[in-house]
Amino acid sequence: MKEFKITYFFEEEHYIRRFIHVESMEIAEELIQSERDQYISFRDSRGIYHELNTRNVRVIQLSEYHRIDKSKKREKQ
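I will try to describe carefully the structure that is included in this document. Note that the structure is predicted; figures quoted are calculated from it, not measured.

### Some thoughts on the overall build of the protein
Within the protein, the secondary structure is distributed over 2 helices and 5 strands. Listing each helix as α and each strand as β along the protein from the N terminus yields β-β-α-β-β-β-α. For the protein, the spread of C-alpha atoms along the three principal axes comes to 45 × 30 × 20 Å. For the protein, contacts bridging at least 24 residues in sequence account for 46% of all contacts bridging at least 6. Of the accessible surface of the protein, which amounts to about 6300 Å², a share of 44% is contributed by carbon and sulfur atoms. Of the charged side chains in the protein, 15 are positive and 15 negative; the average position of the first set lies 6 Å away from that of the second.

Next comes the structure, spelled out in structure tokens:
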């Protein structure tokens, strides 16, 4: 499983991020396309619940995400 970051932009400074785990970029793209003009719900990385009407989104950005384990980074220092 790969992790992907989806960012929904409403205005220049107003956006919501969502992280998903799927097998490939193509599957992630299909998910985004299947949710077009619908209400979706999810919890963000802080556990905050969101209901989002994708019709009101101006731009959707998708990228593969590579998490950095910050605890391991501190141990090296």
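Moving on, there is more to tell.
### Remarks on the environment of E64
Note that E64 resides in strand β5 (residues 59–64). Given a relative accessible area of 33%, E64 falls into the partly exposed group. For the pair E64 and E3, spaced 61 residues apart in sequence, the C-alpha to C-alpha distance is 6.1 Å. In this structure E64 touches K2, E3, F4 and M25, once residues within four positions along its chain are discounted.

### Some remarks on the nonpolar core
Within the largest apolar cluster, 13 residues are counted, with the highest numbers of intra-cluster contacts made by Y8, F10, I20, F42 and L52. At the level of elements, β1 (2–11), β2 (14–22), α1 (25–34) and β3 (39–43) are the ones that each hand at least two residues to this core. By residue number, the principal contributor to this core is β1, which donates 4 residues. Look past the residues within four positions of F10 in its chain and what remains in contact with it is Y15, I16, L52, N56, V57 and R58.

What counts, and at which threshold
Residues numbered from 1 in each chain as written. Predicted model: local features only at pLDDT ≥ 70, side-chain atom pairs only at ≥ 80, totals over all residues. Heavy atoms only, no water. Helix = DSSP H or I, 4+ residues; strand = E, 2+ residues; numbered from the N terminus. Contact = heavy atoms within 4.5 Å. Areas by Shrake-Rupley, 256 points an atom, 1.4 Å probe, with all protein chains shown as cover. Lys, Arg positive; Asp, Glu negative; His and termini not counted. Charge placed at Lys NZ, Arg CZ, Asp CG, Glu CD. Buried < 20%, exposed > 50% of the residue type's maximum accessible area, 1.4 Å probe, protein only. Core = buried A, V, L, I, M, F, W, Y, C linked by side-chain atoms within 4.5 Å.

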